[in-house]
Amino acid sequence: MQSGPSPGRKVPNVTLGLRIDFVGASQVLTDGSPRLSVSVEMFGGTMSAHRRGLSQVIRTGGRAVLSRRSRNSAGVLGVPLSKGQTKAGVELTPSALRKAGLLIKMEQLGCSVFDYGDLAFQDVPQTDWNTSWSVACAVHQVAKAVCRVIRDGHTCVTLGGDHSLALGSVYGHSMAQQNPAVIWVDAHADINTPLTSPTGNLHGQPLAFLLHELQDKIPSLSEFSWLSPCLSARDIVYIGLRDVDPAEHFILKNYGLRYFSTRDIDELGIRKVMEMTLEYLMPHSKRSIHLSFDIDAFDPSVAPATGTPVPGGLTVREGMYIAEELHNSGALSALDLVEVNPRLGSGPGAADVTLNLAMDVILSCLGKMREGMHTKGYRLPMPPTEKREEGEVQASREV
Ligand SMILES: [Mn+2]
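Here the structure is a predicted model, which means the values were calculated and not measured.

A. Spatial organisation of the overall build of the chain. Assigned secondary structure in the chain consists of twelve helices and twelve strands. The 399 residues of the chain split such that 50% are buried. Counted over contacts in the chain with a minimum sequence separation of 6, partners at least 24 positions apart contribute 72%. For the chain, the exposed surface amounts to about 19000 Å²; the carbon and sulfur share of it is 53%.

B. Representation of the environment of Gly307 within the structure. Positionally, Gly307 belongs in the loop between strand E11 (289-294) and helix H10 (316-329). The sequence separation of Gly307 and Ile295 amounts to twelve residues, and the corresponding C-alpha distance is 9.7 Å. Beyond its immediate stretch of four places on either side in the chain, Gly307 contacts Lys87, Glu339 and Leu344.

C. Highlighting the coordination of the manganese ion. Every protein donor of the manganese ion is listed here as His163 (ND1), Asp186 (OD), Asp190 (OD) and Asp294 (OD), and their distances to the metal cover 2.0 to 2.3 Å. Spacing between the donor residues of the manganese ion along their common chain follows H-x22-D-x3-D-x103-D. Note that Asp190 is positioned in the loop between strand E8 (181-185) and helix H6 (206-210) and Asp294 in strand E11, a separation of 104 residues in sequence. Overall, the relative accessible area of 2% leaves Asp294 in the buried class.

D. View of the pairing of strand E5 (residues 73-79). Of all seven residues in E5, seven are buried; the element is thus mostly enclosed. Alternating positions in E5 separate into two faces, Ser73, Gly75, Leu77 and Val79 on one and Ala74, Val76 and Gly78 on the other, with burial throughout. Here E5 pairs with strand E6 (residues 112-118) via five bridges, running parallel. Of the residues in E6, the one forming a bridge with Gly78 is Asp118.

E. Fine view of the packing of aromatic side chains. Per the stated rule, a full pass over the model turns up four aromatic pairs. Each ring, one from Phe293 and one from Phe298, has its centre 5.5 Å from the other, and the planes form 35 degrees; the classification is tilted. There is no split in this pair, since Phe293 and Phe298 are both buried. Across the ring face of Tyr280, the terminal group of Arg258 is positioned such that the distance to the ring centre comes to 5.6 Å.

F. Here's a closer look at unusual backbone geometry. Cis geometry marks the peptide bond from Gly160 to Gly161, where omega comes out at 5 degrees. Tracing the sequence through the fold places Gly161 in the loop between strand E7 (155-160) and helix H5 (165-176). At Asp190, a residue that is not glycine, the phi angle is positive and equals roughly 50 degrees.

G. Local environment of H5. With twelve residues, H5 should cover 16 Å at 1.5 Å per step; its first-to-last C-alpha distance of 17 Å lies within 8% of that length. Within H5, ten of the twelve residues are buried, which leaves it mostly tucked inside the rest of the structure. When we look at burial in H5, the residues that qualify are Leu165, Ala166, Leu167, Gly168, Ser169, Val170, Tyr171, Gly172, His173 and Ser174.

Procedures and definitions
Residues numbered from 1 in each chain as written. Predicted model: local features only at pLDDT ≥ 70, side-chain atom pairs only at ≥ 80, totals over all residues. Heavy atoms only, no water. Helix = DSSP H or I, 4+ residues; strand = E, 2+ residues; numbered from the N terminus. Buried < 20%, exposed > 50% of the residue type's maximum accessible area, 1.4 Å probe, protein only. Contact = heavy atoms within 4.5 Å. Areas by Shrake-Rupley, 256 points an atom, 1.4 Å probe, with all protein chains shown as cover. Donors = N, O, S within 2.8 Å, 3.2 Å for Na, K, Ca; no water. Pairing = 2+ DSSP bridges. Phe/Tyr/Trp six-rings, centres within 6.5 Å; stacked < 30°, edge-to-face > 60°. Lys NZ or Arg CZ within 6 Å of the ring centre and 35° of its normal. Expected span 1.5 Å × (residues − 1).

Pasting the structure below:
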């Protein structure tokens, strides 16, 4: 594990080679075009090709070499921020995830891990004005830190903290890379304006601050003077919504935001939802994706330790599928994992179950596969050879 970025350290670019063999061109389709069967071999690691990516490769006639930024380099940033809401404990999660071995598990996946440490925030007494000011200062720090991690060439893994941190992480991402797309996995839409928020908590408002279209609805707040909107309604897809305030619903409908509520997931299935999400955000070419994953997107039965649980959430398998598909897209540049609160959740083990699930989301985003994995060049152990005939040894050798 590497601590912090070494100045000037070159992050390796990985070039993956694709060998495409045309195994048959004998069949002819009804429109007269030949049907080509292809087999694809990938060097330098396994990756399931994104459907559209693969078809582009095939159209080039098999000459393609897929060149991309290394996905195996992650910068971890802890954001122990809790002032965007009122329940104590959410600030403990970055260190809880570290203690649970997250960074080691990332390395075991073959990831180069760069630890950017946990941000330190000034503790100010909790009054409305102070809270807003301290959250604004904190998320400004987050923005600068996330920008640096991405500019250093890593996928930025931000460990929350409450969801107000996404104000900084998405803004920081947009400073580092042009026009990122945001996938917001959450039970809540987090798009109240300061004037519509029923609670006044900033963790329910980050997207309103970031959206161009809503700027005339946001009061001018000096503490956020550093922030300017960096997203359009067209840049966002929600997944998992099921607890949306009236003003938020009005915004979703009237500003044309794309969303998949849990009902939509019931209807379409998570596979179709992910296919439509990626097609919508990247219709022609890849762009960098920011995943903002609120643990309360999951059903409280599998993620109980969170501040605003809502029944009827994602299954573990749906959450894993989202993360895996984003890894497979090859476009994930930043992810936030937020709203795990180890102090909450009833019953013994609530915190551990939730932390482990959070860890699995992060690891799946970075390439962990549910089917299991083995390293390149893995060999099964052989029994001792001295008692065996030469011919037997030959026969048992792996092919
Ligand atoms: Mn949220």
